[in-house]
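Structural features, examined
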Amino acid sequence: GVGVLVAPAPGAAGGAPVVTTLAIAEAPSMAGTIPSGGRQVGTRGEWAEFSLLDGRSYYVHIITGEKTWARPQDYLNIASRRGATGLPAPMGPGGSHSNIYVGSLPAGISDATFRSLFQSFGGIVSTKVVSELHYGFVKFRTMNEAQCAIDGMNGVNVNGLTLQVRFANKQ
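One structure accompanies this document, and this report is about it. (Residues numbered from 1 in each chain as written. Predicted model: local features only at pLDDT ≥ 70, side-chain atom pairs only at ≥ 80, totals over all residues. Heavy atoms only, no water.)

1. Quick notes on the pairing of strand β4 (residues 47-51)
Most of β4 is tucked away: four of the five residues are buried. The turn joining strand β3 (residues 39-44) and β4, which pair antiparallel and follow one another in sequence, is formed by two residues; a positive phi near 60° is taken by G45. In this sheet, strand β5 (residues 57-61) lies alongside β4 in antiparallel orientation, the contact comprising five bridges. Paired with S51 across the strands is S57, a residue of β5. Once β4 ends, the chain turns through five residues before running back antiparallel as β5, passing G55 with a positive phi of about 95°. (Buried < 20%, exposed > 50% of the residue type's maximum accessible area, 1.4 Å probe, protein only. Helix = DSSP H or I, 4+ residues; strand = E, 2+ residues; numbered from the N terminus. Pairing = 2+ DSSP bridges.)

2. Regarding the pattern of salt bridges
Per the counting criterion, the structure on display carries two salt bridges. Residue D54 is joined to R56 by a salt bridge in which the shortest nitrogen-to-oxygen separation is 2.8 Å. Residue class for R56 comes out partly exposed when judged on its relative accessible area of 31%. Among the salt bridges present, the one from R141 reaches E145, with a minimum N-O distance of 3.5 Å. For E145, a relative accessible area of 14% gives the class buried. (Salt bridge = Lys/Arg side-chain N within 4 Å of Asp/Glu carboxyl O.)

3. Focus: the environment of T33
Along the chain, T33 turns up in the loop between β2 (17-23) and β3. Owing to a relative accessible area of 40%, T33 belongs among the partly exposed residues under this scheme. As a C-alpha pair, T33 and W69 span 36 residues in sequence and 9.0 Å in three-dimensional space.

So this is what it looks like as structure tokens:
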């Protein structure tokens, strides 16, 4: 693009302004770059929005981990399930499942600390923490244990962040 700069002439106190035409470099293309960093600012459906310090936003699919600079088509149309408790578990091929999603985790949370937050609710089969994206998953032995964890931990404040706990969308 082209910009116009109007400034006083050098060395001329109160002199006539000088008009200079400058070439302004186009912003580097974001195509091909993988978004990272920033702070999570929203969640809609299966997508989380992250905002960077330079004002750009990107989106992360909370199940697959897919990242995109473009706002997903259904991002604005799907209501967030944040703060909901007692949601029925999605049905899978073998019936209901016991895998829960935990969002808004504190930065740098360790696997051991994450597991300790949920171990009092029942037998944990597995855990997965994606600390740089502030979310994780806990798989319990039974759906009832998973429901107890959701009821007990959703909305709980951990290091200044309010946990979002619900059944995961996939097993």
